[in-house]
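# Breakdown of the fold
One-letter residues, chain by chain:
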Amino acid sequence: MIGNKVKELLLENEDCFLIPDEKVAHVMDENPLNHALLVLSKVSYSRIPVLNRKGEIVGLIGLSHIMDAMFDLTEIDPENLNGRLVKDVMDTAIKTITLPYDIEYIMHLLVDHPFVPVVDENNCFAGIVTRREILKSVNHLAHSLESTYELNEK
């Protein structure tokens, strides 16, 4: 469990955690895999959110999903992408978070993932919280804890 004072310092920049949906590259579940390949090749994310027509996050897709779809038993064949949609290969086992943030849960998820999708009360995609933003808060904590609080050994 994270102590209250540490949590306070971690959350001082909480309003910077969210990268809003309009700034996050994403694809739709009905998009062709060719489109997802183009989007992923132009952004620096290893995976991006997949949304449905209602704006709900329904999965994540990465280059590895698309590459797996291009492989057959003997070769890499880009023709294997023809007629296939993002929803055919996306990862649907995703964890999301909502406001207010549970910093301990976010940090737990970010151990294995570069970002965590954020949804609103209607399960619509609101953006992402990245490992980078949380690490900035950890850096802030490391640099300000002793100047903010007097620490004594127990």
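What you see as residue numbers is a count from 1 along each chain, following the sequence as written. Where totals are concerned, whole chains, interfaces and linings use all residues; where local detail is concerned, this predicted model gives features only for residues with pLDDT of at least 70, and gives and counts side-chain atom pairs only at 80 or more. The basis for the side-chain values is all heavy atoms of the structure; hydrogens and waters are excluded.

The name an unreviewed UniProt entry assigns to the protein chain is CBS domain-containing protein, from the organism Vagococcus proximus.

This part is about helix 2 (residues 33–42). Each residue gets one of three labels from its accessible area relative to the maximum for its type: buried under 20%, exposed over 50%, partly exposed in between, using a 1.4 Å probe on protein chains only. What counts as a helix is a DSSP run of H or I of at least four residues, what counts as a strand is a run of E of at least two, and both are numbered from the N terminus. Regarding helix 2, the residues found buried are Leu33, Ala36, Val39 and Leu40. Down the axis of helix 2, the smallest arc covering the buried residues is 120°, so these residues share one side. Away from its buried face, by an angle of more than 90 degrees, helix 2 presents the exposed residues Leu38 and Lys42. Directions pointing from the helix axis toward each C-beta atom define the arc.

Of the consecutive residues Leu99 and Pro100, the connecting peptide bond is found in the cis state with omega at -5°. Relative to the helices and strands, Pro100 is located in the loop between helix 4 (86–89) and helix 5 (103–110). If you check the backbone angles, Asn123 has positive phi at about 65° while not being a glycine. Take Asn123: it is sitting in the loop between strand 5 (115–119) and strand 6 (125–130).

Sheets are built from strands paired through backbone hydrogen bonds, the pairs being either parallel or antiparallel. With mixed pairing, the three strands of this open sheet are ordered in space as 2-3-4. Only two strands of the sheet have a single partner each, and these edge strands are strand 2 (27–28) and strand 4 (57–62). Paired strands, in this sense, are two strands between which DSSP finds at least two bridges. Here strand 3 (residues 47–51) pairs with strand 4 via five bridges, running antiparallel. Bridge pairing in strand 4 links Pro49 to Leu60. Should any heavy atoms of two residues lie within 4.5 Å, those residues are considered in contact. Helix axes use the C-alpha atoms of the stretch in contact, all axes being lines fitted to C-alpha atoms, and the angles between their N-to-C directions lie in the range 0 to 180 degrees. Sheet contacts for helix 2: strand 2, strand 3 and strand 4; angle to strand 4, the most-contacted strand, approximately 65°. Of the strands in this sheet, strand 3 and strand 4 are in contact with helix 3 (residues 63–70), which crosses strand 4 at around 70°.

Before going further, it helps to examine the sheet that holds strand 6. Taken together, three strands build an open sheet; the order of strands is 1-6-5 and the sheet is antiparallel. Two strands close off the open sheet at either side, each with one partner strand: strand 1 (18–20) and strand 5. Sheet twist, expressed as the mean angle between neighbouring strand axes with direction ignored, is 35°. As paired elements, strand 1 and strand 6 share three bridges and run antiparallel to each other. Bridge pairing in strand 6 links Pro20 to Gly127.

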